[in-house]
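Topology and contacts: notes
Single-letter residue listing:
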Amino acid sequence: MQGPPLCPVMPEVSSAYVFLNIDLSLLRFISAELTRGYFLEHNEAKYTERRERVYTCMRIPKELEKLMFFGIFLCLDAFLYVFTLLPLRVFLAMFRFITLPCYGLSDRRLLQPAQVCDVLKGVILVICYFMMHYVDYSMMYHLIRGQSVIKLYIIYNMLEVADRLFSSFGQDILDALYWTATEPKERKRAHIGVIPHFFMAVLYVFLHAILIMVQATTLNVAFNSHNKSLLTIMMSNNFVEIKGSVFKKFEKNNLFQMSNSDIKERFTNYVLLLIVCLRNMEQFSWNPDHLWVLFPDVCMVVASEIAVDIVKHAFITKFNDITADVYSEYRASLAFDLVSSRQKNAYTDYSDSVSRRMGFIPLPLAVLLIRVVTSSIKVQGVLAYVCVVLFYCGLISLKVLNSIVLLGKSCQYVKEAKMEEKLFNPVLTATPGKPAGKQQSTFKSTQGISTGENGSTSVTSQPVQQENSPSLLVTSNSDQFLTTPDGEEKDISQDSSELKHRSAKKDLLEIDRFTICGNRID
């Protein structure tokens, strides 16, 4: 007779022990398979995490589209600026330049830096517009239409790559021109001159406008093809983007760059679709019935773009364990750029800020749209010119309304993200060869210049030009938000709860806004 076991046995082990010592049969095996049980609560953390992933994927469409909606209106605001306020600002700058001798040269500058940049933008826009008249759109259309479908598909992919490369380098060319034209002249010359930079900028805008015209022409050929095969292939190209993105490792800052790139790409596609519709309506003598023929194809292209973005971002966040709340941080970052550009110590225009952040440069697209509109619509008679003036007034009203709404929503997003203190507390960066302590005392003595009597900073006043203070280097509030200094981190480390809150956003805050092209993924 066998005695009791020498050590206690766990219930699961004893069940397996009994199962191994019984006579096996097919009936007993089927009975065990039908009656065996298991408890999911034994791995509660795993299943809870899986459920949260499902909820995150369900939240992605809403959060992503909120970010896209806000970003697209930022791009629209920068795009409308070229047509509405930029001509008025150029007119005021030229009026100041002409009438300045009547008031005496009280200032060493003939024009303020912002006015110089506006004049340069206006001159580049006009020169490139007249240069575009030498490009025949009809000949380009028939040349592209004569190519095979596969060749056009390859050409379209090459154009997309070229557009991203142009966007990544274009704003650097324009920034180099603006800084060369406005930097203090007492410094030692370390550049090739304003005129070479100006010709480089004109050449860039002209070539980029031609590139976008070829893109629009290829899309127009796809719309007008009989079997829509080219349009189908071009739409399938968006789904290939999913394969090249979702299986890569992404951090929060990489996803932020991709989100900005998607915003820019979607807005550019909207403008391209507008150009295609204008060209087609012109060919059919502005028959409104033809617009309903184009409408299904336009909806199909837009729907495929939205679907690809949703699927791409949903799986990227799933594979990299990123929550859907990160899109609210991205929206707050874009809002911070807009609000900080309205301050007295702003160092850039908000349209240039959008260009650097998203890689969206409105000048080439504006040149192409003006070229297409002027060639498609003939203005003849007094009534036609009255309609043009009324349309221009409507654009100005839309621009002003859009700017007011965006500014209000941006202030709301910045306040919700608890970043408003960064707008009013500029941080000093140590200048090479000068201790930071001396700068701090100098900054305290001049702090009253950038703040009002009540300590608040205006977001609508013009920047104040400070002379004889080249050694004082104050970083922009936008960079203060996007790059957290080491000294500030040491002070914050005393408060553990605040450090935890800031460290969660550190990856996003450390993005250098001047190196983002809107398309680069590290």
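None of these values were measured; they are calculated from a predicted model. (Residues numbered from 1 in each chain as written. Predicted model: local features only at pLDDT ≥ 70, side-chain atom pairs only at ≥ 80, totals over all residues. Heavy atoms only, no water.)

The next subject is the overall build of the protein. When helices and strands are tallied, the protein shows 21 helices and zero strands. Out of the 522 residues belonging to the protein, those deemed buried represent 43%. Within the protein, residue pairs in contact and separated by at least 24 positions form 85% of the contacts whose partners lie at least 6 positions apart. A total of about 29500 Å² of accessible surface is found on the protein, and carbon and sulfur atoms cover 65% of it. (Helix = DSSP H or I, 4+ residues; strand = E, 2+ residues; numbered from the N terminus. Buried < 20%, exposed > 50% of the residue type's maximum accessible area, 1.4 Å probe, protein only. Contact = heavy atoms within 4.5 Å. Areas by Shrake-Rupley, 256 points an atom, 1.4 Å probe, with all protein chains shown as cover.)

Bringing the confidence of the model for the protein into the picture now. Confidence along the protein averages 76 in pLDDT terms, with 74% of residues attaining 70 or more. Note on residues 6-13: pLDDT under 50 across the span, and one contact to partners over four residues away in sequence or across chains. The low-confidence segment residues 512-522 (pLDDT under 50) makes 36 contacts with residues lying over four places distant or belonging to another chain. (pLDDT = per-residue confidence, 0-100.)

On to helix α8 (residues 194-224). Across its 31 residues, α8 extends 45 Å between first and last C-alpha, which sits within 8% of the 45 Å expected from 1.5 Å per residue. When you tally the buried positions in α8, you get 22 out of 31 residues, the bulk of the element. (Expected span 1.5 Å × (residues − 1).)

Right, let's talk about the side chain of Asp163 for a bit. Within the element layout of this structure, Asp163 appears in helix α7 (residues 149-182). Residue class for Asp163 comes out buried when judged on its relative accessible area of 9%. In terms of polar contacts, Asp163 uses its side chain to reach the side chain of His208, at 2.8 Å. Setting aside its immediate chain neighbours within four residues, Asp163 contacts His208, Leu211, Ile212, Gln215 and Lys264. (Polar contact = N/O pair within 3.5 Å; in protein donor to acceptor, adjacent residues only side chain to side chain.)

Let us now look at the environment of Leu231. In this structure, Leu231 sits in helix α9 (residues 229-243). Between the C-alpha atoms of Leu231 and Leu219, which are 12 residues apart in sequence, the distance is 7.5 Å. In this view, Leu231 contacts Leu219, Ala222, Phe223, Asp297, Met300 and Val301; residues no more than four positions away in its chain are not counted.

Let us look at the packing of helix α3 (residues 44-83) against helix α13 (residues 350-358). When two helices pack together, their arrangement is given by the angle between the helix axes and the distance between those axes. Where α3 contacts α13, the axes come no closer than 9 Å and their chain directions differ by 130°. Regarding the angle of α3 to α13, the classification is oblique. As for the relative orientation of α3 and α13, their crossing is left-handed in sense. Contacts between α3 and α13 involve Gly71, Leu74, Cys75, Asp77, Ala78 and Tyr81 from the former and Tyr350, Ser351, Val354 and Met358 from the latter. (Axes fitted to C-alpha atoms, helices over the stretch in contact; angles between N-to-C directions. Parallel < 35°, antiparallel > 145°, perpendicular 65-115°, else oblique. Left-handed = near helix turned anticlockwise from the far one by under 90°.)

This part is about unusual backbone geometry. Despite not being glycine, Asp321 has its phi angle at roughly 55°, a positive value. By secondary structure assignment, the location of Asp321 is in the loop between α11 (288-319) and α12 (326-340). A positive phi angle, near 60°, is found at Lys418, a position not held by glycine. Mapped onto the elements of the fold, Lys418 is located in the loop between α15 (382-416) and α16 (421-424). For Lys418, a relative accessible area of 57% puts it in the exposed group.

It is worth spelling out the environment of Gln171 at this point. Among the secondary structure elements, Gln171 is positioned in helix α7. Look at Gln171 and you get buried, because its relative accessible area is 5%. Spatially, the C-alpha atoms of Gln171 and Ile361 are 7.0 Å apart, while their sequence positions differ by 190 residues. Dropping the residues within four chain positions of it, Gln171 is found in contact with Asp352, Ser355, Arg356 and Ile361.

Turning our attention to the state of the cysteines. One pass over the full model with this rule turns up zero disulfides. The closest cysteine sulfur to the non-disulfide-bonded Cys299 is located on Cys277, 9.9 Å from its own sulfur. Assessed through its relative accessible area of 33%, Cys299 is described here as partly exposed. (Disulfide = S-S within 2.5 Å.)

Under the feature "transmembrane region" (unreviewed entry), the UniProt entry names residues 67-84, 118-135, 198-223, 360-377 and 383-408. Spanning residues 118-135, this segment combines 83% helix with 0% strand, and its end C-alpha atoms are found 26 Å apart. Along residues 198-223 the backbone is 100% helical and 0% strand, and the end-to-end C-alpha distance reaches 37 Å. (UniProt positions renumbered as here; feature names shortened; annotations may be inferred.)

A few words on the pattern of salt bridges. Counting across every chain of the model gives 16 salt bridges. Here Arg59 and Glu63 are joined by a salt bridge, their closest N and O atoms 3.9 Å apart. In this pair, Arg59 and Glu63 are both assigned in helix α3, four residues apart and thus about one turn of the helix distant. Residue classification places Arg59 among the partly exposed positions, given a relative accessible area of 37%. Glu65 serves as the salt-bridge partner of Arg266, at 3.0 Å between the closest nitrogen and oxygen. (Salt bridge = Lys/Arg side-chain N within 4 Å of Asp/Glu carboxyl O.)

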